[in-house]
Every structure is written in C-alpha cells, then in structure tokens.
Amino acid sequence: MNILALDIGGTAIKYGLCDERGTLTRRGECPTQAQLGGRHIVQTVQRIVEEYPEADAVGIATAGTVDTRDGHIVYATDNIPGYTGTPLGQLVSQSCGKPVCVENDVHAAALGELAWGDGQKLHSFLFLTVGTGIGGAFVSEGQLHRGFRGMAGYFGHMPVHPGGRLCTCGQRGCFEAYASTTALLNRVRELTGDSITGRALFARIVADRVLQECFEQWIGELTSGVVTLVNAYDPEAVILGGGIMEQPIVIEVLRSRVTEQLPALTRNVLIRASGLGNSAGMLGAAYMARRKFSGMEEG
C-alpha cells in the first residue's frame, strides 16, 4: 500500500510517497501561503494529490485541531485564516477518489517517532515542536493521548506570563508567544530592527552581544516550559522537533538548563532532537493512514 503523505505547516507543505518500510520517495515541497486561507490550502493539496496517481490512500498532517473521524478542522488560529471548520478530508477524498486520513501535525510527528524514530524504544515521551508556534503530544506505552476533545498537547498555549504578549490564539502570555522560533526572531527584530532567519542568527550569534541576549531570554523561556511539562507528565524522554533544533547549541543548552531545574528524581530525563527531522509529520500521517485503511484501529 503506497501512501501519499503530506505535512501542512505554517510555512511550507511537504509531501512524498511512503512505502510500508517508512521510506519516502518522490518528495516535494511548496509554500503554504497560509495567509491566503483554508480554501487556498485545500486547492493546493488537491493539486498535489493529482500528481500521485499511484497512491492508494492519502495521509495528511496539518496545523490545527482535527476531528480524526472525518478529517475536518475543528479549530485553527489566525495563522491560517478561515481554516476552522474546513472539511479537509472530505474535500480531498472527493476530488481524488481515494481514502484520506487527517491528523494534527504534531500528533502525527509524535506517531512518526513512535513508528520509525526514537520513540520505538521508549516507554513514554513528550514530543514538542518549536517553530512558527509550539505544539506537543504525549505518548505512553505505545499510545498517543489525545484528550477528551482531541486537544491534548496544546502546550503552546499554556499561560506563562498572564497579561503578557498577545498570542495568535487571542489570549495573552502564552508559551509560544515567548518560546517559539517566531518569538525569538520577533525579539531580535524589536531590538535590532533586522529581520533575519534562524540560520543567520546562529551564524552571527558568537560575535553579537544583542543576539546572545535574545538567545538567553528565549532559551530561558523554553527551559521553563519544558521543566513544567516534565514535572506534569514524568516522561522517559522529551523529543524536540522544528528547524531550530538542528542547531546543536539549542539542545546542548536546553538539556543543561532543564537538568539543573528539575527535581533529583527526574533529572535523568532524556532531552534530544528528533532523529526524523522534518520528515516526522509525513511519516506519522502515513502511519495513521496505513493503520486506518488496513482495518486497524489506533489505540
């Protein structure tokens, strides 16, 4: 069974054909153009699916809260205008005539880790993505915990500074408003007037005191959030995804700071970057689709 897997992020839509071994071929990527809204995203996905007639089914990982029963978007922030309520699974299935499975992007990435990544060997783990926003998931004994409304892992909207910065969800003081990659780059722009990428920031950080201060503030916020989550869930490991985690200094400093701030009994928690990188969401979407359309129910 060949699964066409797509990962709809705030910046790009990644896609590829996934076989039963978790190998992705015929991979591609295109801009999400999220500001154009939910209808534009549906049309983009429909065009991509048309390019893969050999696919037997489609698995989609997407930003937003998803009803996995029918693949509609229950809720999405203003990062994607007009996405809330979109019957994504139904619209894509109708256009291509194939079964479609839709999953929240971070839940999908966690399932990708469980099926083909570091999560295979772990009793339990928290998965945290740090990028445009912050998303999360908790997996224990091989099961993804979704919560009553499917919103478990909504870590980016934990209030960490009540009354603080405005978040895309409409509330103030959320974790992602301080610890996402977007928050870091916004802070750099506030202090320097420069709009730079994450890679450019880390290329210049050694010789730039202002960038160092921005990084220190940001890693402090991220550390506090991770410590809170470890205290709440007591996982064996915390796996972090997102492009910024490709910077070795981020994991090194985060691991050191988290260990310092945890109680003695939980200081041995593993802190590591996702080994699957940006493929985790696609692999998780393919895993979900394969299980669903092979007659298997996910735990």
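Structure: see above.
First, a word on what this report is: a plain description of the structure on this page. Just so it is clear, the structure is predicted and the values come from calculations on it, not from any experiment. Residue numbers run consecutively from 1 along every chain, following the written order of its sequence. Where local features are concerned, this predicted model is filtered to residues with pLDDT of at least 70; where side-chain atom pairs are given and counted, the filter is 80 or more; whole-chain, interface and lining totals use all residues. Excluded from the side-chain calculations are hydrogens and water; all other atoms, namely the structure's heavy atoms, are used.

Digging into unusual backbone geometry
(1) Moving on: A positive phi angle, close to 50 degrees, is found at Glu141, a residue other than glycine.
(2) Moving on: With respect to the element layout, Glu141 can be found in the loop between strand S9 (134–140) and strand S10 (143–144).
(3) Moving on: With a phi angle near 50 degrees, Asp234 is a residue other than glycine that sits in the positive phi range.
(4) Moving on: Helix numbers and strand numbers start at the N terminus; a helix is a DSSP run of H or I with at least 4 residues, a strand a run of E with at least 2. Topologically, Asp234 is positioned in the loop between helix H7 (209–233) and strand S11 (237–241).
(5) Moving on: Here the term buried applies to any residue with accessible area under 20% of the maximum for its type, exposed to any over 50%, and partly exposed to those in between, with areas from a 1.4 Å probe on protein chains only. Residue Asp234 is classed as exposed on the basis of its relative accessible area of 53%.

Some points on the packing of aromatic side chains
(1) Moving on: Stacked, edge-to-face and tilted labels apply to pairs of Phe, Tyr and Trp rings (six-membered ring for Trp) whose centres lie within 6.5 Å, assigned for plane angles under 30 degrees, over 60, and everything in between, in that order. Tallied over the full model, the rule gives 6 aromatic pairs.
(2) Moving on: The interplanar angle of 70 degrees and the centroid separation of 5.7 Å between the aromatic rings of Phe155 and Tyr233 together place this pair among those described as edge-to-face. One end of the pair, Phe155, is in the loop between S10 and helix H4 (176–179); the other, Tyr233, is in helix H7, with 78 residues separating them in the sequence.
(3) Moving on: Overall, the relative accessible area of 5% leaves Phe155 in the buried class.

Side note on the sheet that holds strand S2 (residues 12–18)
(1) Moving on: For two strands to pair, DSSP has to find at least two bridges joining them. Across the sheet, 5 strands lie side by side as S3-S2-S1-S4-S7; this open sheet has mixed pairing. Strands at the two margins of the open sheet, each flanked by one partner only, are strand S3 (24–31) and strand S7 (100–104). Pairs of neighbouring strands in the sheet enclose a mean axial angle of 15 degrees, with direction left out of account.
(2) Moving on: Direction of pairing for strand S1 (residues 3–8) relative to S2: antiparallel, over a ladder of 6 bridges. Each bridged residue has a counterpart across the sheet, and for Ile8 the counterpart in S2 is Ile13.
(3) Moving on: Along the sheet, helix H2 (residues 88–96) contacts S1, strand S4 (57–62) and S7; its crossing angle with S7, the most-contacted strand, is approximately 155 degrees. To get an axis, fit a line to the C-alpha atoms, keeping to the stretch in contact for a helix; angles then go from 0 to 180 degrees between the N-to-C directions. For this analysis, residues touch if any pair of their heavy atoms sits within 4.5 Å.

Without other data, these values stay purely geometric and don't point to any function.
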